[in-house]
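The chain contents come next:
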Amino acid sequence: AQAIGNHEFDWTIDTMISNQEKMNFPLLACNIVNIETNDPVTWAKPYTTITRKGVHIGIIGAIGEGETADIIASNVKGLTFADPTNYIYKWSHFLRDNGADIIMLLFHDSCYNLSESAIYCLDLGFSGHTHTGEREKLGKNGNIPFVQAYCNGKDVGHIRLDYNFSKKTT
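Caption draft 1: Structural context of the pattern of salt bridges. Summed over the entire model, instances satisfying the criterion amount to 2 salt bridges. Here Asp-123 makes a salt bridge to Arg-96, at a shortest N to O gap of 2.7 Å. Residue Asp-123 is located in the loop between helix H3 (116-119) and strand S8 (124-127), and its partner Arg-96 is located in helix H2 (residues 85-97); the two are separated by 27 residues in the primary sequence. Among the ionic pairs, Arg-160 bridges to Asp-162, the shortest N-O distance being 3.0 Å.

This is how it looks when you write it as structure tokens:
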């Protein structure tokens, strides 16, 4: 899965939609909102799920609030990138209620721009956009890992998450 970022809009929404049909993974964004209806757009999925070795993983995608300023205005006309907090909260609870053991966020922004209430809904996250190195343990207990691996292949981001099968916890 991939979170939709500002550069996906460089080629227009129509091209992004066309390219999704050729991809073998989903483009995710839960907080791209149509300004007229105040509803999330229908051409971006808010989440996806995968199962690995019996562990159900919910993956939510979001883009940073206000990142439309980084895009040619005509390519995002009628859209806003809303504060992702409520969307992350909504989809993380939906996924947990529907059997997800782990919730991961793919966030096209710095992890420092996430609210604490969004962070506490997650088990781990990967960020991008700011071209920085982020290796953080977020949350009050410092138990929610986030990474961003700079840019242009300068680094590799890796998170090791241990899962306790008997307790069904990370």
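Caption draft 2: Examining unusual backbone geometry more closely. Positioned with a positive phi, Thr-12 is a non-glycine residue whose angle comes to about 85°. In this model, Asn-38 sits at a positive phi of 65°, which is unusual for a non-glycine residue. In this fold, Asn-38 is placed in the loop between strand S3 (32-34) and strand S4 (47-52). When its relative accessible area of 57% is taken as the criterion, Asn-38 is described as exposed.

Caption draft 3: Fine view of the pairing of S8. Sheet topology note: the strand S7 (residues 102-108)/S8 ladder contains 4 bridges and is parallel. Bridge pairing in S8 places Leu-106 opposite Phe-126.

Caption draft 4: Seen up close, the environment of Pro-145. Residue position: Pro-145 is located in strand S10 (residues 144-149). Owing to a relative accessible area of 8%, Pro-145 belongs among the buried residues under this scheme. Beyond its immediate sequence surroundings of up to four residues, Pro-145 is in contact with Asp-123, Leu-124, Gly-125, Glu-136, Lys-137 and Ile-159.

Caption draft 5: Inspection of the sheet that holds strand S9 (residues 133-138) at higher detail. Taken in spatial order, the 6 strands of this open sheet run S4-S5-S7-S8-S10-S9, and their pairing is mixed. Of all the strands in the sheet, the pair left with one neighbour each is S4 and S9. For this sheet, the mean angle separating the axes of adjacent strands, direction not counted, is 15°. By the bridge criterion, 6 bridges tie S4 to strand S5 (residues 55-63) in an arrangement that is antiparallel. Residue Tyr-47 lies in a different strand from S5, and its bridge partner there is Ile-60. In this fold H2 packs onto S4, S5 and S7, with an angle of close to 165° to the strand it touches most, S5.

Calculation rules
- Here the residue numbers are simple positions, counted from 1 along each chain's written sequence.
- A pLDDT threshold of at least 70 governs which residues receive local features in this predicted model, and a stricter bar of 80 or more applies before side-chain atom pairs are shown or counted, although totals over entire chains, interfaces and linings include all residues.
- As a convention, hydrogens and water are excluded, and side-chain values are obtained from all of the structure's heavy atoms.
- Note on definitions: salt bridges are taken to be side-chain nitrogens of Lys or Arg within 4 Å of carboxyl oxygens of Asp or Glu.
- Numbering of helices and strands starts at the N terminus; helices are DSSP runs of H or I of at least 4 residues and strands are runs of E of at least 2.
- Burial classification: accessible surface area is computed with a 1.4 Å probe over protein chains only, and a residue below 20% of its type maximum counts as buried, one above 50% as exposed, and the rest as partly exposed.
- A strand pair is defined by DSSP finding two or more bridges across the two strands.
- Residue contacts follow a heavy-atom distance rule, with two residues in contact if any of their heavy atoms lie within 4.5 Å.
- Comment: axis = line fitted to C-alpha atoms, over the contacting stretch for helices; angle = value between 0 and 180 degrees taken between N-to-C directions.

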